[in-house]
Amino acid sequence: MALIAAGGLIAAGVLRKVGTTAEYLAVATRVEVGSTIGRSDLRTVRITVDPALKPVPSSSADAVIGKFAAVALVPGTLLTQAQLTDTAVPGPGRQLVGISLPQERMPAERIKPGAEVLLVVTTDDGPVANQQPTAAPISIKATVIDVRDGVKEGTTLLNVAVVERDGPLVAARAAAGRIVVALTSGS
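Thresholds, definitions, all that
Residues numbered from 1 in each chain as written. Predicted model: local features only at pLDDT ≥ 70, side-chain atom pairs only at ≥ 80, totals over all residues. Heavy atoms only, no water. Pairing = 2+ DSSP bridges. Helix = DSSP H or I, 4+ residues; strand = E, 2+ residues; numbered from the N terminus. Axes fitted to C-alpha atoms, helices over the stretch in contact; angles between N-to-C directions. Contact = heavy atoms within 4.5 Å. Salt bridge = Lys/Arg side-chain N within 4 Å of Asp/Glu carboxyl O. Buried < 20%, exposed > 50% of the residue type's maximum accessible area, 1.4 Å probe, protein only. Core = buried A, V, L, I, M, F, W, Y, C linked by side-chain atoms within 4.5 Å.

1. Focus: the sheet that holds strand β8 (residues 155–163)
(1) Moving on: Pairing in this open sheet of five strands is antiparallel, and the strands run β5-β8-β7-β6-β9 from one edge to the other. Looking along the sheet, the strands with just one partner apiece sit at the ends: β5 (94–102) and β9 (179–183). If you compare each strand with its neighbour and ignore which way they point, the axes differ by 40 degrees on average.
(2) Moving on: For strand β6 (residues 116–121) and β9, the ladder comprises five bridges, and the chain directions are antiparallel. Looking at the pairing, Leu118 lines up with Ala182 of β9.
(3) Moving on: Sheet strands touched by helix α3 (residues 167–175): β5, β6, β7 (138–149), β8 and β9. Its angle to β5, the strand with the most contacts, is close to 15 degrees.

2. Notes on the pattern of salt bridges
(1) Moving on: Tallying each qualifying case throughout the model produces six salt bridges.
(2) Moving on: One salt bridge connects Arg46 with Glu23, and the closest N-O pair in it is separated by 3.8 Å. Of the two residues, Arg46 sits in strand β2 (residues 42–47) while Glu23 sits in strand β1 (residues 22–27), which places them 23 residues apart along the sequence.
(3) Moving on: Since its relative accessible area comes to 54%, Arg46 is described here as exposed.
(4) Moving on: Judged by relative accessible area, Glu23 falls into the partly exposed class, the value being 39%.

3. Looking at the environment of Val162
(1) Moving on: By secondary structure assignment, the location of Val162 is in strand β8.
(2) Moving on: On a C-alpha basis, the gap between Val162 and Gly93 in space is 8.7 Å, while along the polypeptide they are 69 residues apart.
(3) Moving on: Ignoring sequence-local partners within four residues, the contact set of Val162 consists of Gly93, Arg94, Gln95, Val97, Leu119, Ile140, Lys141, Ala142, Gly167 and Val170.

4. Here's the deal with unusual backbone geometry
(1) Moving on: Residue Pro90 follows Val89 across a cis peptide bond; omega there is 20 degrees.
(2) Moving on: Mapped onto the secondary structure, Pro90 falls in the loop between β4 (84–85) and β5.

5. Section: the nonpolar core
(1) Moving on: Of all hydrophobic cores here, the largest spans 20 residues; its most connected members are Ile99, Leu119, Val144, Leu158, Val160 and Val162.
(2) Moving on: For this core, the secondary structure elements donating two or more residues are β5, β6, β7, β8, α3 and β9.
(3) Moving on: The leading source of residues in this core is β7, at four residues.
(4) Moving on: Look past the residues within four positions of Val160 in its chain and what remains in contact with it is Gln95, Leu96, Val97, Ile99, Leu119, Ala142, Thr143, Val144 and Ile145.
(5) Moving on: One finds Val56, Ala61, Val64 and Ala69 within the second-largest nonpolar core, a separate group that totals twelve residues.

Quick look at the structure:
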């Protein structure tokens, strides 16, 4: 009899824990990387959350508003602290540059936001026989902020943060199709 009573209490405790719902913040509209998060970008959802998830409670909405999106936020997803930053993207002394690249100018391994890369500035693509040997190409360190499909089929758009002085060079060479991306070790 005592075993039955103990089993009933355990079952009731588990049911109460599993059946408990709470209100959390979810993304209501797409928020681009680096954008300020406003009240209209968020909505409240009531869910039973898995202990492995760490969504932001709806009671923290005022603390979230005015922060910046560290990654692109997609409607319908739960908001977590890891998706937020107090620092504007790309940050002080840095510039955000968009680069549209064909597949052959990127590593075969998928590049993810946060990856450290080298942007290698290539020379003129005229006939190789007519080119003089040149010095080592210019390499510029960058951090990938966002990755998405490019407008043209077979291209990828990378938004990268570079040191402010390198922004104009990267933008000009990217527009001319003179950038190749190299993934650095540890990325």
